[in-house]
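# What the coordinates show
Residues per chain, in single letters:
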Amino acid sequence: MPRTNRLDTLIAKAISRRQFLQATTALAASGLVAGCATSSNATTASPSFTFGSVAPSVADRVVVAEGYTAVPFFLHGDPVSDGPGWKFNAANTSDEAMQQGGQMHDGMWFFPLPVGSNKSDHGLLVMNHEYPRAAQLFADGDKDMSAEKVRKMHATVGVSVLEVKLENGSWKIVRPSKYARRIHGLTPARLGGPAAGAALMKSALDPTGFAAMGTMGNCGNGTTPWGTYLTCEENFHDYFSSMGGPVNPMQARYTLRPKPQYKHPEFDARHDASKHPNEFNKAGWVVEIDPFDPTWVPAKRTALGRYCHESAHYAVAKDGRLVIYTGDDARFEYVYKFVSRDRVNTTNRAANRDLLDHGTLYVARFDAGADGRAQGRGRWIALQQGQNGLTADKGFPTQAEVVTFARMAADAVGATKCDRPEWIAVEHKSGEVYAAFTGNGQRGRPDKEGANPANPRVNNLYGHIVRWRENGGDAASTTFEWDVFLSCGNPAQNEPALRGNLKGDIFTNPDTLTFDYAGRLWACTDSAEATEAELLKLRGNDSVIAIDRATGESRRFLVGPVGAELTGLTFTPDMRTAWVNVQHPMKDWPNTAVDGKPRTATLVIRKSDGGVIGS
Ligand code: FEO
Ligand code: CA
Ligand code: CA
Ligand code: CA
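Residues numbered from 1 in each chain as written. Chains lettered and ligands numbered in written order. Predicted model: local features only at pLDDT ≥ 70, side-chain atom pairs only at ≥ 80, totals over all residues. Heavy atoms only, no water.

### Observations regarding the coordination of the calcium ion (ligand 2)
- Note on the calcium ion (ligand 2): its protein donors are E310 (OE), E422 (OE), D511 (OD) and D511 (OD). The metal-donor distances range over 2.2 to 2.5 Å.
- Sequence spacing of the donors to the calcium ion (ligand 2): E-x111-E-x88-D.
- The distance between the calcium ion (ligand 2) and the calcium ion (ligand 3) is 3.8 Å, with E422 acting as a donor to both metals. Note that E422 is positioned in strand 21 (residues 421–426) and D511 in strand 26 (residues 510–515), a separation of 89 residues in sequence.
- Judged by relative accessible area, D511 falls into the buried class, the value being 3%. (Donors = N, O, S within 2.8 Å, 3.2 Å for Na, K, Ca; no water. Helix = DSSP H or I, 4+ residues; strand = E, 2+ residues; numbered from the N terminus. Buried < 20%, exposed > 50% of the residue type's maximum accessible area, 1.4 Å probe, protein only.)

Following this line, the structure appears as structure tokens:
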């Protein structure tokens, strides 16, 4: 049985046993307590993996461990409910695309139905769609861009909510479904938290400063203990441009370009920063969505700061406040955490509605241990107006400026610049936190920063995983101890910058990191930057890797098709089903024989004997 932790005790005291059981199963489903844990002390007896590892594959297909099946379940262009399906050669209109799965599936989460249960045969599968790729979105690619094409690009990013059900041993998408929903680049959203209504959010298109149109660049994700979904806006700058006009220092720090990456600014003035500069400030946030309420307006939680958000996984502090860890996935950027002002209400879901609008944003500083090794002490530095030099004369007159220009606030307080922090996963029983630093080939270049204790390799092409434990086991603590859990790459490599210390199967560039309900650590890789032929033989295409937390042993579970990254791994509470996303397949898989448009796809993974995945 799982060890009773302090939060369980608090809940048990506060509510009746019946309510407690309901609440606990809900929390187990959302990861707050480890509902299926088998070990009473995960730190010393990490669950092991018993599947046989998969050989590295460079084939244009999906390969999964023996005894498992992994089959396409939901593709770009498939209807989320009973709307129109994919049309040959990507011929769907923008209106149709708004009723279909978007492109580039990324972060994903299974929420059991009904809300608060730990049902594993019925639920909502919620996933992000990261970015539009014209080659697969239009019959003629990016030729003759138009307002309709830009509208379809808006339609293809954001979030899909699917209702899914296990029937006779196979998973189906429920169509029609009252929950099914698309949230995309043109879905009305609102701002909450310290920047909502601030002057730097007001524009001719929104004089209130409270409205935001849609969500874009939806990469990693998170959830809350009350069963809402957090979608993270990552490469939002690609959708905006100054269109040849000047770029101010704040805009430059957020990579606003004079020349647009996509054509949005030419056809939608909101994306033209020379006309409406403050609209750019409304992107780059963590956005909360209630998948159980299709009428709920997505809320951009500005208290968590604005940067290229990757994932947003939570821990619960000893006193019941919520802590959310987020990384800024760009080279030489930072790791952040948000600590809520108020405690999570475990009995009244609605009471947590605006919990993420009030709290303290911190940024991490990793300091070396006494011997200078890649482990040591760390501090969380508050990004709070009036503290730590964040004053009006430094450009931070209010907290709205601090959160909107969080990167500049983090620069000012001396935080540690990291090698592209992607997903940050929390192991709830031990309180350990694991962050995938996916890589940074620019570290140590003559014009760039050199190594630091937590980012010890120059030319860090393969990435590493950093781990920390908060002081006193309290997620709200402002100090922590950290180490480099593992460095990716081939242990037999001669070049020190590329040599990994992996025990087991070789992998590079961890991106998704997540814990299953048994406390096992899983990574999905995105290794576009590390593709030497020699390495490819050892590592294969991007993969799903299981990692034993106690021993650091890595084992390859699934390999994707050519050119695709794997992302968004999620499980049912009973661990008998998993889903993972195959993002940007580049060749024939899964369907180019049909129309030459390889489509991003969600795979559903089952064990042939119906057993627990990973066991
Ligand atoms: Fe969208 Fe940082 O991966
Ligand atoms: Ca990612
Ligand atoms: Ca990545
Ligand atoms: Ca990606």
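What follows picks up the thread again.
### Quick notes on the pairing of strand 6 (residues 170–173)
- Side chains W171 and I173 of strand 6 all project onto a buried face; the interleaved residues S170 and K172 project onto a face where none is buried.
- Note: strand 5 (residues 158–167) against strand 6, 4 bridges, orientation antiparallel. By the bridge assignment for strand 6, V164 is matched with I173.
- Counting the residues that bridge the hairpin from strand 5 to strand 6 gives 2 residues, and of these N168 lies at a positive phi of roughly 50 degrees. (Pairing = 2+ DSSP bridges.)

### Structural notes on the coordination of the calcium ion (ligand 3)
- For the calcium ion (ligand 3), the protein coordination sphere consists of E422 (OE), D511 (OD) and D526 (OD), at 2.3 Å.
- Of note, the calcium ion (ligand 3) draws all its donor residues from one chain, in the sequence arrangement E-x88-D-x14-D.
- For D526, a relative accessible area of 16% corresponds to the buried category.

### Quick notes on the nonpolar core
- In terms of nonpolar packing, the biggest core is built from 61 residues, with L322, I324, Y336, L356, V363 and L383 touching the most fellow members.
- Look past the residues within four positions of L322 in its chain and what remains in contact with it is P225, W226, Y314, A315, V316, F338, V339, S340, D342, V344, L355 and L356.
- If you look at the next biggest cluster of nonpolar residues, it comprises 43 residues, including Y68, L124, V159 and Y517. (Core = buried A, V, L, I, M, F, W, Y, C linked by side-chain atoms within 4.5 Å. Contact = heavy atoms within 4.5 Å.)

### Digging into unusual backbone geometry
- The peptide bond linking L113 to P114 adopts the cis configuration, its omega dihedral lying at 0 degrees.
- Inspection of the secondary structure puts P114 in the loop between strand 3 (105–112) and strand 4 (122–129).
- Cis geometry is adopted by the peptide bond preceding P590, which originates at W589 and carries an omega value of -5 degrees.
- Here P590 is to be found in the loop between strand 31 (577–583) and helix 11 (592–595).
- Phi is positive for A90, close to 55 degrees, though the residue is something other than glycine.

### A word on the sheet that holds strand 11 (residues 229–233)
- Here 6 strands make up an open sheet; going across it, the order is 9-8-13-12-11-10 and the pairing mixed. The two strands at the open ends of the sheet, each matched to only one other strand, are strand 9 (211–213) and strand 10 (218–223). Averaged over all neighbouring strand pairs, the angle between strand axes comes to 35 degrees, with direction disregarded.
- Note: strand 8 (residues 188–192) against strand 9, 3 bridges, orientation antiparallel. Residue A189 lies in a different strand from strand 9, and its bridge partner there is A212. (Axes fitted to C-alpha atoms, helices over the stretch in contact; angles between N-to-C directions.)

### Quick word on the packing of aromatic side chains
- Evaluated as defined, the whole model comprises 31 aromatic pairs.
- Summarising the aromatic geometry, the rings of F110 and W171 are spaced 5.9 Å apart at their centres and angled 80 degrees between planes, so their arrangement reads as edge-to-face. Placement of F110 in strand 3 and of W171 in strand 6 is noted, with a sequence separation of 61 residues between them.
- Residue classification places F110 among the buried positions, given a relative accessible area of 0%.
- W171 sits in the buried class, given a relative accessible area of 8%.
- Through a chain of ring-to-ring contacts, three or more aromatic side chains come together here, namely Y325, F366, W380, F437, W468, F480 and W482.
- Directly above the ring of Y254 sits R306, whose terminal nitrogen or CZ lies 4.3 Å from the centroid. (Phe/Tyr/Trp six-rings, centres within 6.5 Å; stacked < 30°, edge-to-face > 60°. Lys NZ or Arg CZ within 6 Å of the ring centre and 35° of its normal.)

### Points about the side chain of E310
- Assignment of secondary structure puts E310 in strand 14 (residues 309–316).
- An unpaired buried charge is present at E310: no salt bridge exists, and R420, the closest side chain of opposite charge, is 6.2 Å distant.
- A polar contact of 3.2 Å, which involves the side chain of E310, links it to the side chain of W423.
- Not counting residues within four places of it along the chain, the set of residues in contact with E310 comprises C219, G220, N221, C232, E234, G327, D329, P421, E422, W423 and D511. (Lys, Arg positive; Asp, Glu negative; His and termini not counted. Salt bridge = Lys/Arg side-chain N within 4 Å of Asp/Glu carboxyl O. Polar contact = N/O pair within 3.5 Å; in protein donor to acceptor, adjacent residues only side chain to side chain.)

### Some thoughts on the sheet that holds strand 22 (residues 432–437)
- What the 9 strands build is an open sheet, ordered 14-15-17-18-19-24-23-22-21; its pairing is antiparallel. The sheet terminates laterally at strand 14 and strand 21, the two strands that pair on one side only. Going from strand to strand, the sheet's axes swing by 30 degrees on average, the running direction of each strand aside.
- Note: strand 15 (residues 321–328) against strand 17 (residues 335–343), 6 bridges, orientation antiparallel. When the bridges of strand 17 are listed, I324 appears paired with F338.

### Things to note about the pattern of salt bridges
- Taken as a whole and assessed by the stated rule, the structure comprises 39 salt bridges.
- The partner of D206 in a salt bridge is K282, and the shortest N-O contact between them spans 2.6 Å. Here D206 is found in the loop between strand 8 and strand 9, whereas its partner K282 is found in the loop between helix 7 (264–267) and strand 12 (286–289), with 76 residues between them in sequence. Comparing D206 with K282 shows no difference in burial state: the two are buried.
- Of the charged contacts, one joins K275 and D272 as a salt bridge, the two residues approaching to 3.2 Å between their closest N and O atoms.
- Residue K275 is classed as exposed on the basis of its relative accessible area of 55%.
- Residue D272 is classed as buried on the basis of its relative accessible area of 4%.

Such coordinate-based values are descriptive only and should not be taken to indicate function.
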